[in-house]
Amino acid sequence: MRGTVIHAPGDIRFESLENPKILHPTDAIIRTAVTCVCGSDLWPYRGLEPTDEPHPMGHEYVGFVEEVGSEVTSVKPGQFVVGRSPPRTTPVRTAGTASSPVACIASS
């Protein structure tokens, strides 16, 4: 998969990233259609917050559920979802990686 990664203030790259995997029974993998860069992503971009190591940007998204863990009951594969994950936690904001806390609004 491809995603936007910040390496340092002003240094943003579109890179190949590892494909997501279900790691926990409560995980879901989202194939994003559109991801947004949030205002919280701009602090490190401007150098006002440290960037200790490269990390994906953009944690507000819309997309489709690709796969769910065995304990997921709120969404199912094929559903369209709108959601967000906390800033700079995992690549879910760029490509739907598993194992991150996510708030989703699902539609059938």
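These figures come from a predicted structure and were not determined experimentally. (Residues numbered from 1 in each chain as written. Predicted model: local features only at pLDDT ≥ 70, side-chain atom pairs only at ≥ 80, totals over all residues. Heavy atoms only, no water.)

### As for the overall build of the protein chain
Check the secondary structure of the protein chain and you find two helices and seven strands. If you take every contact in the protein chain between residues at least 6 apart in sequence, the share linking residues at least 24 apart comes to 58%. Put simply, the protein chain shows about 6100 Å² of open surface, and 55% of that area lies on carbon and sulfur atoms. (Helix = DSSP H or I, 4+ residues; strand = E, 2+ residues; numbered from the N terminus. Contact = heavy atoms within 4.5 Å. Areas by Shrake-Rupley, 256 points an atom, 1.4 Å probe, with all protein chains shown as cover.)

### Details of the environment of Met57
Along the polypeptide, Met57 turns up in the loop between β4 (55–56) and β5 (60–68). Between the C-alpha atoms of Met57 and Leu42, which are 15 residues apart in sequence, the distance is 9.3 Å.

### Some details on the nonpolar core
Counting six residues, the largest nonpolar core consists of Ile30, Tyr61, Val65, Val72, Val75 and Val81. Excluding anything up to four places from it in sequence, Val65 contacts Ile29, Ile30, Val75, Lys76, Pro77, Gly78, Gln79 and Val81. (Core = buried A, V, L, I, M, F, W, Y, C linked by side-chain atoms within 4.5 Å. Buried < 20%, exposed > 50% of the residue type's maximum accessible area, 1.4 Å probe, protein only.)

### What to know about the confidence of the model for the protein chain
Per-residue confidence for the protein chain gives a mean pLDDT of 79, with 78% of residues at or over 70. When mean pLDDT is taken per element in the protein chain, strand β2 (residues 11–16) scores highest with 94 and helix α2 (residues 92–95) scores lowest with 36. Counting interchain partners and residues more than four positions distant, the pLDDT-below-50 stretch residues 87–101 has 64 contacts. (pLDDT = per-residue confidence, 0-100.)

### Quick word on the side chain of His55
In this fold, His55 is placed in strand β4. Residue classification places His55 among the buried residues on the basis of a relative accessible area of 14%. A distance of 3.2 Å separates a polar side-chain atom of His55 from the backbone oxygen of Glu53. (Polar contact = N/O pair within 3.5 Å; in protein donor to acceptor, adjacent residues only side chain to side chain.)

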